[in-house]
Amino acid sequence: MKRIVAREEYCIGCRLCEVHCVVQHSRTKNIIKAFKKERVRPTARIHVEESGPESFSLQCRHCDEPSCVYACLTGAMHKDELTGAVVHDPERCIGCWTCLLFCPNGAIAKDAAHGKVVAKCDLCGGQGTPACVENCPNEALVLEEVP
Amino acid sequence: MARRYVIVGNSAGGVGAAEGIRQVDREGQITIVSDEPYPAYSRPMISKYLAGEADLAHMLYRPADFYAKQGIELLTGTAASALDLQAHTLTLADGRRLAWDQLLLATGGTPFVPRTEGLDREGVFTFTTLDDAKRLAAKLSAARRAVVIGGGLIGISVAEALAKKNLAVSVVELKDRILNMVLDEPASVIAEEAVRRAGVEVLCNTTVASVVGRPQNGGAVVSVFLDNGREVPCDLLVVAIGVVPRTDLAKAAGLKVNRGIVVDEHMATDAPGVYACGDCVEAYDFAADVVRPTPVWPNAYLGGRTAGRNMAGDAAVYPGGTACSSLNYFGLSLVSAGVLLPPANDGFQVLSRVEPERGLYRKLVLRGEQLAGLIYVGDINRAGIAFGLMREGAAVAGFAEELLADGFGLISLPRELRQSRLEGKFNGVHP
Ligand SMILES: Cc1cc2nc3c(=O)[nH]c(=O)nc-3n(C[C@H](O)[C@H](O)[C@H](O)COP(=O)(O)OP(=O)(O)OC[C@H]3O[C@@H](n4cnc5c(N)ncnc54)[C@H](O)[C@@H]3O)c2cc1C
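Residues numbered from 1 in each chain as written. Chains lettered and ligands numbered in written order. Predicted model: local features only at pLDDT ≥ 70, side-chain atom pairs only at ≥ 80, totals over all residues. Heavy atoms only, no water.

### Describing the overall build of chain A
Scanning chain A for helices and strands turns up five helices and eight strands. Mapped in sequence order, the helices and strands of chain A form the string β-α-α-β-β-α-β-β-α-β-β-α-β. Relative to the globule expectation of 15 Å for 147 residues, the C-alpha radius of gyration of chain A, 15 Å, shows essentially globular dimensions. Overall, chain A is about 40 × 40 × 30 Å in size when its C-alpha atoms are taken along their principal axes. Burial statistics for chain A: of 147 residues in total, 56% are counted as buried. Contacts in chain A between residues at least 24 apart in sequence constitute 54% of all its contacts with a sequence separation of at least 6. Total accessible area on chain A stands at roughly 6800 Å², and carbon and sulfur atoms take up 52% of it. Mean positive and mean negative side-chain charge positions of chain A (18 and 19 charges, respectively) differ by 10 Å. (Helix = DSSP H or I, 4+ residues; strand = E, 2+ residues; numbered from the N terminus. Rg over C-alpha atoms; globule rule 2.2 N^0.38 Å. Buried < 20%, exposed > 50% of the residue type's maximum accessible area, 1.4 Å probe, protein only. Contact = heavy atoms within 4.5 Å. Areas by Shrake-Rupley, 256 points an atom, 1.4 Å probe, with all protein chains shown as cover. Lys, Arg positive; Asp, Glu negative; His and termini not counted. Charge placed at Lys NZ, Arg CZ, Asp CG, Glu CD.)

### Side note on a positive patch on the surface
Taken together, A:R27, A:K33, A:K36, A:K37, A:R39 and A:R41 make up a surface patch of like positive charges. Tracing the sequence through the fold places A:R27 in the loop between α1 (16-24) and α2 (31-36). (Patch = residues over 30% accessible without salt bridge, like charges linked within 9 Å, V, L, I, M, F, W, Y side chains within 5 Å. Salt bridge = Lys/Arg side-chain N within 4 Å of Asp/Glu carboxyl O.)

### What about the layout of surface pockets?
Size it by volume and the second largest pocket reaches roughly 800 Å³. Taken together, 25 residues form the lining of the second largest pocket, with A:H78, A:K79, A:E81, B:E19 and B:Q70 sitting closest to its centre. The set of elements that each furnish at least two residues to the lining of the second largest pocket consists of α3 (67-71) and β4 (77-79) of chain A together with α1 (12-24), α4 (66-70) and α9 (297-311) of chain B. Partitioned by chemical class, the residues of the lining of the second largest pocket number eight nonpolar, five polar and 12 charged. (1 Å grid on protein atoms, 1.4 Å probe; cavity = no way out; pocket = protein on both sides within 12 Å on 5 of 7 lines; lining within 4 Å. Points joined across faces, edges and corners; volume = space filled by probe spheres on them. Nonpolar A, V, L, I, M, F, W, Y, C, P; charged D, E, K, R; others polar.)

### Considering a nonpolar patch on the surface
On the surface, a nonpolar cluster with roughly 250 Å² of combined accessible area is contributed by B:F112, B:I241 and B:V244. Structurally, B:F112 is set in the loop between β8 (109-111) and β9 (124-126).

### Digging into the interface of chain A and chain B
In many reports, interface size means the accessible area that the parts give up when they come together. On the side of chain B, 50 residues touch chain A, which itself brings 38 residues to the contact. Between chain A and chain B, the buried area comes to about 3700 Å², and carbon and sulfur atoms account for 54% of it. Contributing elements (two or more residues each) for the side of chain A that touches chain B: β1 (2-6), β2 (47-51), β3 (54-58), α3, α4 (98-102) and β6 (109-110) of chain A. Its residues assigned to classes, the side of chain A that touches chain B comprises 17 nonpolar, 10 polar and 11 charged. (Buried area = accessible area lost by both parts, 1.4 Å probe.)

### Some words on the packing of aromatic side chains
Residues and elements named next belong to chain B. For the structure shown, the criterion picks out six aromatic pairs over all chains. On the basis of an interplanar angle of 85° and a centroid distance of 6.0 Å, the ring pair of Y38 and Y41 is categorised as edge-to-face. Residue classification places Y38 among the buried positions, given a relative accessible area of 10%. (Phe/Tyr/Trp six-rings, centres within 6.5 Å; stacked < 30°, edge-to-face > 60°.)

### Digging into the environment of B:L255
All names here are of chain B. Looking at the element boundaries, L255 is found in the loop between α8 (248-253) and β18 (261-262). Here L255 falls in the buried class, since its relative accessible area comes to 6%. A C-alpha to C-alpha distance of 8.8 Å links L255 and L85, two positions 170 residues apart in sequence. If we ignore the near neighbours within four places in the chain, the residues touching L255 are L83, L85, L105, A250, T269, D270, A271 and V274.

### As for the domain arrangement of chain A
Residues and elements named next belong to chain A. Annotation of chain A at the domain level lists domain 1 (1-59 + 123-147) and domain 2 (64-120). A separation of 18 Å is found between the C-alpha centroids of domain 1 and domain 2. Interface of domain 1 and domain 2: buried area, both sides summed, is about 870 Å²; carbon and sulfur atoms make up 59% of it. If you sort the residues of domain 1 by the area they bury against domain 2, M1, T43 and R45 come out on top, with a joint share of 50%. Summed over the shared surface of domain 1 and domain 2, the result is one salt bridge. The partner of D64 in a salt bridge is R3, with the nearest N and O atoms 3.6 Å apart. At the boundary of domain 1 with domain 2, the tally comes to two residue pairs in polar contact (both at pLDDT 80 or more). Tallied by class, the residues present in the side of domain 1 that touches domain 2 amount to five nonpolar, three polar and three charged. (Domains from an automatic or database assignment. Polar contact = N/O pair within 3.5 Å; in protein donor to acceptor, adjacent residues only side chain to side chain.)

### Let's talk about the nonpolar core
Where a protein is soluble and globular, its nonpolar side chains tend to be buried together. Residues and elements named next belong to chain B. One finds L83, L90, L105, L162, L374, Y376 and L389 to be the most contacted residues of the largest nonpolar core, which totals 178 residues. Once residues within four sequence positions are removed from consideration, Y376 is found in contact with S333, L334, V335, Y361, R362, L364, A383, A386, L403 and F408. The next biggest cluster of nonpolar side chains, apart from the first, holds 15 residues, and it includes V208, V221, L226 and L237. (Core = buried A, V, L, I, M, F, W, Y, C linked by side-chain atoms within 4.5 Å.)

### Brief notes about the sheet that holds strand β2 (residues 29-33) of chain B
Residues and elements named next belong to chain B. Taken together, five strands build an open sheet; the order of strands is β3-β2-β1-β7-β19 and the sheet is parallel. For this open sheet the edge positions go to β3 (72-75) and β19 (274-276), each flanked by a neighbour on one side alone. Averaged over all pairs of adjacent strands, the angle between strand axes in this sheet comes to 20°, irrespective of strand direction. In this sheet, β2 lies alongside strand β1 (residues 4-8) in parallel orientation, the contact comprising five bridges. Its bridge partner being in β2, R4 is matched across the sheet by Q29. Along the sheet face, α9 touches β1, β7 (102-105) and β19 and points at about 170° away from the line of β7. (Pairing = 2+ DSSP bridges. Axes fitted to C-alpha atoms, helices over the stretch in contact; angles between N-to-C directions.)

### Some details on the sheet that holds strand β14 (residues 221-226) of chain B
Residue and element names in this part refer to chain B. Read across the sheet, three strands follow the order β13-β14-β15 without closing on themselves; strand pairing throughout is antiparallel. Each end of this open sheet is capped by a strand with a single partner; those strands are β13 (208-213) and β15 (231-233). In this sheet, adjacent strand axes meet at a mean angle of 25° when their direction is disregarded. Taken together, the five bridges between β13 and β14 define a ladder with antiparallel strand orientation. The residue of β14 that forms the bridge with V208 is L226.

Rendered as structure tokens:
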């Protein structure tokens, strides 16, 4: 399966990954419309962390032993058998926040746009290069095939 | 010959075990026995059912084709009535007898109902199954007032559903604050405010002393008397005091049972080939560092998954589970885990941060270098990082203060620890 690798030494903390994650998960997938026109702005599924000169960008690791999937009360969180991605079905999510407590990376967030569910990285559907990787100007995010 | 696995209980623990078995053994025969008439459903969602926000299709814990796809035979609506450890058989209430090579008890809990006078009247309910929710839902249109006995997680969940259905609800709590098992005092105060804001009455330091019924009409409940003498009228009374491990089958079979069925770190009981998990067991609580029941969904699933892998011949160790809860009832955002009220001695240290105007409260309990407990209220988005450190037993004393700050994250961790997280390594979950 594919995994996004964060390379701390290359990250400049520009937050373009967050911006393009929002666009990718917006209704129109258009950067201007997503930020200026759409009534609800999607929650970014990626998070830039910064402290002084150090920064990196982090989204779901799509763990082999996913705590969030094991902990989920409803079955909304599951591992896609084909892509290996840990994905989340908002229709079945009740926003109980159990996965949020169980993610050791803090990579699941309350979905500010939809209130009662969580939002997390879906690898942009599993096909092609995720938007954060595609738009990182310094290759601080790279897509790698892992066994 | 293919191994025969029999699982009693078709919920978090039972499904976890079946999935654990299938990780290792694709061929063995799996049979799950359930006295409920449904495929596995999300038990915590019965309050959504009662509120009219979900039906069974929405509540299914696994996709409808799960059992067929995994090659699991599901026997619903029939209880297991006797377990023979010598003959390796399980007898069902309908007379059938199943032979097993490996057996799992995931029988969950039974609601505790005290001997209070009148609790057998019509209009009195418990609230732990979908059928409970259905029975209660059928009475809603004719009901105006409800009393809930017990201000714990289940009581608060049913109170929210009843309030959404426009009933006047009173919650009666014996202790001095609601949610006293899953929160500390400041967090309980925040929760209670949210509950009251929704129009629910909260009555603490008291309990129901007797239940008054109508003389005619089958004696249906009309009010309760509290032990302080006050009478509270109600058409519905929900008993939500707590759940006790369901151990009758295990006890009758001669398995070792304390408060719950006794299991080792492989989730094995004291009888060969027999495992147990979930709300019916007592298992290792790594935060409290004791063996005790910790009846929450994630522990049932993880314990089940561990048991399943061992039943299939793998050597998996239960990482231990602790009491943990997360709450979104009444619009709350709140998570807690582990030891919340440490004894004053014993080398515990408490760090906390309160900002009432922002609805923010954070508390960390340290034992020596390690985290033993946490509460996050309000902004909970990254609380998982702290719980992950707790589950890993990481030495956090050097930077624990930072975990209370706004904008804390993996960046707050020492480089080595952070790097392992970025690489997707985590040593606290694997069964
Ligand atoms: C209203 C409510 C809200 C909750 N909210 C939360 C929450 O927010 N977070 C959380 O972590 N946990 C929550 N819980 C607790 C959680 O549901 C339990 O910890 C979990 O269901 C335990 O799973 P289990 O598999 O051990 O047992 P159970 O889910 O209790 O399942 C056991 C099954 O076995 C069946 N059974 C028992 N004996 C027999 C027999 N002899 N023969 C056949 N079948 C048998 C039972 O009927 C039942 O179907 C909640 C519980 C309730 C009731």
